[in-house]
Amino acid sequence: MSLALGNATRVAFSEQVTWGTAVARTKGLRIVEDGPALSQSMLQKTVLGHASNHLMVPSKRAVGGPLKLYLPPNGGELLLKHAFGSVATVEGTLEDASNYYTHTYSLARALPAPGLSVEVDRDGASAGKAYLYDSCLVNKLTLEQKLEDGLMMALDLMGREEEAVDPTGALTYQSLKTFDWDELAITIGGVAFDCDEFSFD
């Protein structure tokens, strides 16, 4: 088996129906940085007697980590829904009869349950397996942008379990288009203003 270099890393995800039960991943996004993983270590506990007397116990299992990507106009809506907690969508029609959608996100008291199935493929086609994280919730969201750069979204995910799986094939990826620095408008308290850069957590 060859070593995964990460050059073709991508993420696939879908919304789950049942907690603890992963679903087929249908949406794919190219990413800038990934870090979801299973973390568990062995802890040494001392007992009375010789200095060398000790026992080993496993630590708690923790699944999660960061995910960073340029936010595309089409493809990242589900991630935003699970970060904010609620979304209202209104459909409109353009002059050429094509449709567009306006999404309004708002904070909710509870995140959408039972979360997301998130698959991270680190060159899976050449290295063997991808990693699947089920029941993922978004613990933190950061949106940031600078001059001459696109809109960046960073998520901190918290999941239930990690599983090695065959990479999902035949995913449809959105074009590598994001919100350019001159396309974004910031309004606070009804007042619009310009800035060189911003970061919202």
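So, here's what we can say about the structure. Quick caveat: nothing in here was measured; it's all calculated off a predicted structure.

Procedures and definitions
One numbering rule holds for all chains: residues counted from 1, following each sequence as written. For this predicted model, a pLDDT threshold of at least 70 governs which residues receive local features, and a threshold of 80 or more governs which side-chain atom pairs are given and counted, while totals over whole chains, interfaces and linings are taken from all residues. The basis for every side-chain value is the complete set of heavy atoms in the structure, and neither hydrogens nor water enter the calculation. We call a residue buried when its accessible area falls under 20% of the maximum for its residue type, exposed when it is over 50%, and partly exposed in between, using a 1.4 Å probe and counting protein chains only. A run of H or I in DSSP becomes a helix once it reaches four residues, and a run of E becomes a strand once it reaches two; helices and strands are each numbered from the N terminus. The criterion for strand pairing is that DSSP finds at least two bridges linking the strands in question. Polar contacts here mean pairs of N or O atoms no more than 3.5 Å apart (in protein, one a potential hydrogen donor and the other a potential acceptor; neighbouring residues in sequence count only if both atoms are side-chain atoms). Any pair of residues with heavy atoms lying within 4.5 Å of one another is described as a contacting pair. A pairing counts as a salt bridge when a side-chain nitrogen of Lys or Arg comes within 4 Å of a carboxyl oxygen of Asp or Glu. Side-chain atoms within 4.5 Å are what join buried Ala, Val, Leu, Ile, Met, Phe, Trp, Tyr and Cys residues into a set we call a nonpolar core.

1. Some details on the pairing of strand β10 (residues 116-121)
Point 1. Burial runs high along β10: six of the six residues are buried.
Point 2. The alternating pattern of β10 places Leu-116, Val-118 and Val-120 and Ser-117, Glu-119 and Asp-121 on opposite faces, both of which are buried.
Point 3. Relative to β10, strand β1 (residues 10-15) runs antiparallel, the two being bridged by six bridges. Bridged to Ala-12 within β10 is Glu-119.
Point 4. Bridge count between β10 and strand β11 (residues 130-146): four bridges; the pairing is antiparallel. Of the residues in β11, the one forming a bridge with Glu-119 is Leu-132.

2. Quick notes on the side chain of Ser-135
Point 1. Position of Ser-135 relative to the elements: it lies in strand β11.
Point 2. You can call Ser-135 buried: its relative accessible area is 1%.
Point 3. For Ser-135, the side chain forms a polar contact with the main-chain nitrogen of Gly-20, separated by 2.8 Å.
Point 4. Of the polar contacts made by the side chain of Ser-135, one reaches the side chain of Asp-134; its length is 2.8 Å.
Point 5. With residues up to four places along the chain from it excluded, the contact list for Ser-135 reads Gln-16, Trp-19, Gly-20, Pro-114, Leu-116, Met-158, Gly-159 and Arg-160.

3. Some thoughts on the environment of Ala-24
Point 1. With respect to the helices, strands and loops of the structure, Ala-24 is situated in the loop between β1 and β2 (27-30).
Point 2. Considered as a pair, Ala-24 and Ser-14 are ten residues apart in the sequence and their alpha carbons are 6.8 Å apart.

4. Quick word on the pattern of salt bridges
Point 1. Taken as a whole, this structure holds eight salt bridges when the rule is applied.
Point 2. In this structure, Lys-81 engages Glu-15 in a salt bridge whose closest nitrogen and oxygen atoms are separated by 2.9 Å. Taken together, the residues Lys-81 in helix α1 (residues 77-84) and Glu-15 in strand β1 connect sequence positions 66 residues apart.
Point 3. Lys-81 sits in the partly exposed class, given a relative accessible area of 25%.
Point 4. Given a relative accessible area of 32%, Glu-15 falls into the partly exposed group.
Point 5. The salt bridge partner of Arg-61 is Glu-161, with a shortest N-O separation of 2.6 Å. One end of the pair, Arg-61, is in the loop between β6 (54-58) and β7 (62-70); the other, Glu-161, is in strand β13 (residues 161-165), and 100 residues separate them in sequence.
Point 6. Judged by relative accessible area, which is 45%, Arg-61 ranks as partly exposed.
Point 7. Judged by its relative accessible area of 23%, Glu-161 falls in the partly exposed class.

5. With respect to the environment of Ala-113
Point 1. By the element assignment, Ala-113 lies in the loop between β9 (99-107) and β10.
Point 2. Classification of Ala-113 as exposed rests on a relative accessible area of 72%.
Point 3. Separated by 27 residues in sequence, Ala-113 and Lys-140 place their C-alpha atoms 16 Å apart.

6. Here's the deal with the nonpolar core
Point 1. In terms of nonpolar packing, the biggest core is built from 26 residues, with Val-11, Phe-13, Leu-79, Val-118, Leu-141, Met-153 and Leu-155 touching the most fellow members.
Point 2. Contributing elements (two or more residues each) for this core: β1, β7, α1, β10, β11 and β12 (152-159).

7. Side note on α1
Counting along an α-helix, one turn takes 3.6 residues, and residues three or four places apart therefore face a common direction.
Point 1. All of the buried residues along α1 are Leu-78, Leu-79, Leu-80, His-82 and Ala-83.
Point 2. Just beyond α1, the residue with positive phi is Gly-85, at close to 110 degrees.

8. Regarding unusual backbone geometry
Point 1. Each neighbour pair has its own omega, and for Ala-113 with Pro-114 the value is 10 degrees, a cis peptide bond.
Point 2. With respect to the helices, strands and loops of the structure, Pro-114 is situated in the loop between β9 and β10.
Point 3. The phi dihedral of Ser-135 falls on the positive side, at around 55 degrees, and the residue is not glycine.
Point 4. One non-glycine residue, Glu-148, adopts positive backbone phi at about 60 degrees.
Point 5. Looking at the secondary structure, you find Glu-148 in the loop between β11 and β12.
Point 6. Since its relative accessible area comes to 71%, Glu-148 is described here as exposed.

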